[in-house]
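Examining the three-dimensional arrangement
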Amino acid sequence: QSSAHAGARWAGYTIVRLNGAVATLFHDWVRKTFPDRAEKILHQVADCHGGQLNDSRFSTRMRGEGKIAEIIRQQFKLFCKKQGLNQQDFTYNTQDFRRITPGQTSLF
């Protein structure tokens, strides 16, 4: 069953980033789970982040860069087109937004 058929209208993605303790956990998990492919997987993640697993650069940390990131981007766009996702611009409904006044608010 397609996600659009179930009611989804938009989709997004982020490239895996391995910052801090997450890198250690991921290294351990990938080596135990996919011992024959662990190095390839780690290399592909690093390839999306300028050769490092830890990427905190604002403009690229979520979308990646390089050949693998571009392939992922193209596949994602193709999937969205096939599924009818991201066909219209997303806008937030701010009509019901209420600004909280400064100070202590009432709990009840």
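Residues numbered from 1 in each chain as written. Predicted model: local features only at pLDDT ≥ 70, side-chain atom pairs only at ≥ 80, totals over all residues. Heavy atoms only, no water.

Looking at the packing of aromatic side chains
Basically, it comes down to this: We call Phe, Tyr and Trp rings a pair once their centres come within 6.5 Å, taking the six-membered ring for Trp, and we label the pair stacked below 30 degrees between planes, edge-to-face above 60, and tilted otherwise. In this description a helix means any DSSP run of H or I spanning at least four residues, a strand means any run of E spanning at least two, and both kinds are numbered starting from the N terminus. The classification of residues rests on relative accessible area computed with a 1.4 Å probe and restricted to protein chains. Under 20% of the type maximum is buried, over 50% is exposed, and intermediate values are partly exposed.
One pass over the full model with this rule turns up three aromatic pairs. Consider the rings of F26 and W29, whose centres lie 5.7 Å apart with planes at 45 degrees: the pair is tilted. Of this pair, F26 and W29 both sit in helix α1 (residues 21–33), three residues apart, which is roughly one turn of the helix. The class of W29 is partly exposed, set by a relative accessible area of 43%. Arranged with centres 5.7 Å apart and planes meeting at 85 degrees, the rings of W29 and F34 form a pair that is edge-to-face. Here F34 falls in the partly exposed class, since its relative accessible area comes to 24%. Ring pairs connect the aromatic residues F26, W29 and F34, which therefore count as one cluster.

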